[in-house]
Amino acid sequence: MDLKFRVFAHVSKPVETVFEAVADPDQLSHYFTTGGAKGRLETGATVTWDFHDFPGAFPVDVIEVVPNQRIVLEWQANDKADRPYKTRVVMSFEAVESDRTLVAIEESGWHETESGTEAAFGNCMGWSQMLCALKMWVEHGINLREEMYK
């Protein structure tokens, strides 16, 4: 069994607007990375993300970026395993209408252990929240996660 998940949401904005809200660290910091994001998501970059619920900035390796289509990231698994390892995150962006975008996020690579499964479920929750927060930010300018973890 390959331990992975996929979550998705439709955002009622053009794909360029939605993609930019994820790639731009200033926008990402407004609705997702509650402790801030540093560095634009570009192929080959290592950026840092910080969250109030997981304090302490940590690196995120940007493996591939295809503007308005796909972002591939790798980062440290939030697993209490003996040896650290990375998981892979694939974000896809698809224009389904001129002003509507399907955003899907897949994450894979956890160890098939109790702690790996627990970490995967935790990240599944986090990415689901991210999609809700992205939708509220892009469509309405509302930070859904404000004060959520303080």
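Quick look at the structure, then. (Residues numbered from 1 in each chain as written. Predicted model: local features only at pLDDT ≥ 70, side-chain atom pairs only at ≥ 80, totals over all residues. Heavy atoms only, no water.)

Further remarks concern the overall build of the protein. What the protein contains, in helices and strands, is three helices and seven strands. Ordering the α and β elements of the protein from the N terminus gives β-α-α-β-β-β-β-β-β-α. Principal-axis analysis of the C-alpha atoms gives the protein an extent of 45 × 35 × 25 Å. By residue count, 41% of the 150 residues in the protein fall in the buried class. Taking the intrachain contacts of the protein between residues at least 6 apart in sequence as the baseline, contacts between residues at least 24 apart amount to 48%. (Helix = DSSP H or I, 4+ residues; strand = E, 2+ residues; numbered from the N terminus. Buried < 20%, exposed > 50% of the residue type's maximum accessible area, 1.4 Å probe, protein only. Contact = heavy atoms within 4.5 Å.)

Moving on to the pattern of salt bridges. Scanning the model with the defined rule gives seven salt bridges in all. One salt bridge connects R40 with E42, and the closest N-O pair in it is separated by 3.9 Å. Among the ionic pairs, K135 bridges to E139, the shortest N-O distance being 2.6 Å. Taken together, the residues span about one helical turn, with K135 and E139 both in helix 3 (residues 114–140) at a distance of four residues. Given a relative accessible area of 27%, K135 falls into the partly exposed group. A single salt-bridge network, built from bridges that share partners, covers E20, R40 and E42. (Salt bridge = Lys/Arg side-chain N within 4 Å of Asp/Glu carboxyl O.)

One finds W49, M91, W127, M130 and L134 to be the most contacted residues of the largest nonpolar core, which totals 41 residues. At eight residues, helix 3 tops the list of elements feeding residues into this core. Those residues within four positions of M91 in sequence are excluded, and the remaining contacts are V22, Q69, R70, I71, L73, A104, I105, W127 and M130. (Core = buried A, V, L, I, M, F, W, Y, C linked by side-chain atoms within 4.5 Å.)

In this section: the packing of helix 1 (residues 15–23) against helix 3. Between helix 1 and helix 3, the shortest axis-to-axis distance is 11 Å and the interhelical angle comes to 120 degrees. Taken together, the axes of helix 1 and helix 3 are oblique relative to one another. Crossing handedness for the pair helix 1 and helix 3: right-handed. For the pair formed by helix 1 and helix 3, the contact residues are T17, V18, A21 and V22 on the first element and M130, L134 and V138 on the second. Among the residues making up the contact of helix 1 with helix 3, the classes are represented as six nonpolar, one polar and no charged. (Axes fitted to C-alpha atoms, helices over the stretch in contact; angles between N-to-C directions. Parallel < 35°, antiparallel > 145°, perpendicular 65-115°, else oblique. Left-handed = near helix turned anticlockwise from the far one by under 90°. Nonpolar A, V, L, I, M, F, W, Y, C, P; charged D, E, K, R; others polar.)

Turning to the state of the cysteines, a few remarks are in order. A full pass over the atoms with the stated rule returns zero disulfides. Between C132, a free cysteine, and C124, which holds the nearest cysteine sulfur, the sulfur-to-sulfur gap is 11 Å. Judged by relative accessible area, C132 falls into the partly exposed class, the value being 45%. (Disulfide = S-S within 2.5 Å.)

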